[in-house]
Amino acid sequence: MAMDSDTPTPAKSTTLGSVAYFDGTSSRRRMVTLRLADRLEIDEDEQTLAAWAYADIRRADSPAGMLRLSCLTAPALARLELRDKELANELVSRCTNIDDHMIGRRGVAAIVGWSLAAAVSIVAVVLFGLPLAADRLTPLVPEAFERRLGDVADSQVKTMFDAKVCDNAAGQKAFTKLMTALRESAGLDTSVQSGVLSSSVPNAFALPGGKVYLFNGLLTKAENADEIAGVLAHELGHLKHRDSMRAMIHNGGTSFLIGLLFGDITGSSALIFGSRTLVTSSHSREAENDADSFAIDVMHRLGRPAKPTGELLLRVTGKEGKGLSIISTHPLSEDRLARMSRQDPPASGPPLLTSEEWRSLKSICDGKS
Ligand SMILES: [Zn+2]
C-alpha cells in the first residue's frame with residue numbers, strides 16, 4: 001500500500017494501562033492511552049476523553065519517578081500521571097510552558113515571602129500539632145491563594161452535593177437584597193460571593209476566598225427572613241475570621257501544607273478531603289461562639305432580632321437529629337440559643353424583606369432538581 005506523502009506520521013501512543021488520568025470532577029482513576037497529535041489526546045477505549053493543548057500543560061508536584069501534569073484549560077483537579085520515562089520526555093519536549101509557575105509571575109514574589117514564613121511555621125506542625133499551626137498559618141496565606149483554593153472548594157462542593165446554583169430572577173433579587181444588607185452591616189466589601197444551592201441538606205457554610213452558600217434544604221425549613229438572615233450573618237462571621245481557611249489547613253494536614261509550600265495548591269488530594277470536611281465537620285467551639293457574636297451584632301445593627309435564628313436551628317435539630325446537617329457543622333447547644341435570645345431587643349428596624357420578597361426567596365430553587 002502506497003503511503004500518500006500528506007499522511008501524517010502515525011500518532012505515537014503508549015500501551016494501554018501505563019498512564020493514569022483523573023478527570024478532575026470525580027476521584028476515579030482511569031487508565032488511558034495518550035496520543036501525541038497536534039494536541040495531547042487522552043483516550044480511553046478508542047474514545048477521546050480530553051485533549052490538552054501543549055502550551056497549556058503544566059508540571060504538578062509529584063513523587064520521584066512520576067511525571068504528573070495538569071492543564072490550565074482542564075478542571076483544576078484534572079491530572080495525568082506518567083511513569084514511562086521515554087513517553088514523559090517526549091511529552092515534556094512538546095510542552096513549551098510546562099514549568100511556568102501556575103500562579104504567574106506576579107504571584108511568585110508573594111509565594112516566596114509566604115513560603116519563608118510558612119517554612120518557619122511548619123516547625124509548629126511538628127512541635128505543636130496542626131490546630132496551632134493552622135492558627136499561625138492562616139493570617140499568612142495571601143488572599144490570592146485563598147481565592148484560588150475557594151474556587152476549587154466551590155466546584156468540589158457543588159459536585160459532591162450534586163448542587164446547582166438557584167437563581168430564578170425574583171428569588172435572586174430578594175437574596176441579593178438580603179445579602180447586601182447583611183454584608184454592609186457586617187462591614188464586608190463587595191468581594192463577598194454568595195448563593196443558594198439546590199441541595200436538600202439543611203446547611204449553610206462559608207468557603208475560603210469569601211464565599212457563603214445556603215442550601216435550599218435550610219431555606220425550606222425557615223419561616224421568616226430573620227431566621228435565614230442570622231444564619232447568613234453567622235457564616236459572614238466565619239468568613240471575616242477566615243475560619244474556613246483555618247479548617248482547610250487543619251483538616252488538609254501536612255500534605256496540604258507541603259503542597260501549598262511548593263505551589264501545587266490544587267494538586268493535593270488533601271484538598272478534596274479538606275473541602276468535604278469544610279461542609280461536614282465543625283469549627284472549633286471558639287470559632288462558633290465568635291461567629292454567633294458576630295451574627296448577633298450584625299442583626300442588632302440592622303434593628304432585627306437574633307432569636308429567630310436560634311429557633312430555626314432548634315427546629316432543624318429536633319427534626320433532623322444528628323447527621324449531615326447544619327447541626328454537625330454548627331452544634332447547637334442550649335447556651336447558643338440562650339445567647340441569641342438574651343438581651344434580644346424587639347425589632348426596631350424595617351423587615352429585611354417584604355413578605356412578597358420572602359416568598360420569592362423561598363421559591364428561588366423552583367424548577368431545579
Ligand atoms: Zn458556624
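Help me understand the packing of helix H5 (residues 169–186) against helix H14 (residues 355–362), please; the structure alone is not making it clear to me.
Two quantities define a packed helix pair, namely the angle between the helix axes and the distance between the axes. As a packed pair, H5 and H14 sit with axes 7 Å apart at the nearest point and diverge in direction by 115°. By the angle between their axes, H5 is roughly perpendicular relative to H14. Like other packed secondary-structure pairs, H5 and H14 cross with a definite hand, here left-handed. Contacts between H5 and H14 pair Ala170, Gly171, Ala174, Phe175 and Lys177 from the former with Glu357, Trp358, Ser360 and Leu361 from the latter. For the contact of H5 with H14, the class distribution of residues is 5 nonpolar, 2 polar and 2 charged.

In this structure, what is going on with the packing of helix H7 (residues 225–240) against helix H10 (residues 285–301)? I would like to understand it.
Between H7 and H10, the least distance of the axes is 7 Å, while the angle of their chain directions is 125°. With respect to H10, the axis of H7 lies oblique. Crossing angle aside, the handedness with which H7 passes H10 is right-handed. Here Ala229, Gly230, Ala233, His234, Leu236, Gly237, His238 and Lys240 of H7 come into contact with H10, specifically with Ala287, Asp290, Ala291, Asp292, Phe294, Ala295, Val298 and Met299. When the residues that make up the contact of H7 with H10 are grouped by side-chain class, the tally is 9 nonpolar, 4 polar and 3 charged.

It is not clear to me how the sheet that holds strand E9 (residues 193–197) should be interpreted in this structure. Could you clarify?
Working definition: the strands of a sheet are paired by backbone hydrogen bonds and lie parallel or antiparallel to each other. Here 4 strands make up an open sheet; going across it, the order is E8-E9-E11-E10 and the pairing mixed. The open sheet is flanked by strand E8 (165–166) and strand E10 (204–207), the only strands paired with a single partner. Two elements, E10 and strand E11 (residues 211–215), share 4 bridges in a ladder whose sense is antiparallel. Its bridge partner lying in E11, Ala206 is registered against Val212. Packed onto the sheet, helix H4 (residues 143–160) meets E9, E10 and E11 and runs at close to 150° relative to E10. Seen against the sheet, H7 touches E10 and E11 and runs at an angle of roughly 25° to E10.

Please clarify how the nonpolar core should be interpreted in this entry.
Within soluble globular proteins, side chains that are nonpolar tend to cluster in buried spots. Counting residues in each nonpolar core, the largest one holds 81 residues, and the members touching the most others are Leu178, Leu182, Ala229, Leu232, Ala233 and Val298. In terms of residue count, H7 provides more of this core than any other element does, 8 residues in total. Residues lining this core come from more than one domain, with at least three contributed by each of domain 1 (19–94) and domain 2 (147–362).

Help me understand the environment of Phe294 in this model?
Note that Phe294 resides in helix H10. Along the sequence, Phe294 and Lys240 sit 54 residues apart, while their C-alpha atoms lie 9.3 Å from each other. Beyond its immediate stretch of four places on either side in the chain, Phe294 contacts Ala233, Gly237 and Lys240.

Looking at this structure, I do not really get the sheet that holds strand E3 (residues 40–44). What am I missing?
Judged by pairing direction, the sheet is antiparallel, and its 7 strands sit side by side in the order E4-E3-E2-E1-E7-E6-E5 without closing on themselves. Looking along the sheet, the strands with just one partner apiece sit at the ends: strand E4 (47–52) and strand E5 (57–60). For this sheet the average axis-to-axis angle between neighbouring strands, irrespective of direction, equals 35°. On top of the sheet, helix H1 (residues 85–94) reaches strand E2 (30–36), E3, strand E6 (67–71) and strand E7 (79–82); it is set at about 55° to E2, its chief contact.

What counts, and at which threshold
- Residue positions are counted from 1 within each chain, in the order its sequence is given.
- With pLDDT at 70 or above as the cut-off, local features in this predicted model cover only qualifying residues; side-chain atom pairs require 80 or more to be listed or tallied, and sums for whole chains, interfaces and linings still use all residues.
- Axis lines are fitted to C-alpha atoms, over the contacting stretch for helices. Their N-to-C directions set the angle, which ranges from 0 to 180 degrees.
- Only runs of H or I of at least four residues qualify as helices and only runs of E of at least two qualify as strands under DSSP, and these elements are numbered from the N terminus.
- Each angle receives one of four descriptions, namely roughly parallel if under 35 degrees, roughly antiparallel if over 145, roughly perpendicular if within 65 to 115, and oblique otherwise.
- If you view the pair so one helix is near and one far, a crossing is left-handed when the near helix is turned anticlockwise from the far one by less than a right angle, and right-handed when it is turned clockwise.
- Working definition of a contact: two residues with C-beta atoms, positioned from the backbone, lying within 7 Å.
- Under the grouping applied here, Gly and all other residues not named as nonpolar or charged are polar, the nonpolar ones being Ala, Val, Leu, Ile, Met, Phe, Trp, Tyr, Cys and Pro and the charged ones Asp, Glu, Lys and Arg.
- Strand pairing requires that DSSP identify at least two bridges connecting the strands.
- Think of a nonpolar core as buried Ala, Val, Leu, Ile, Met, Phe, Trp, Tyr and Cys residues chained together by C-beta atoms that fall within 7 Å.
- With C-beta atoms placed from the backbone, a residue is buried if 20 or more other C-beta atoms are within 10 Å of its own, exposed if 12 or fewer are, and partly exposed between those counts.
- Here the limits of each domain have been adopted from an automatic or database domain assignment.

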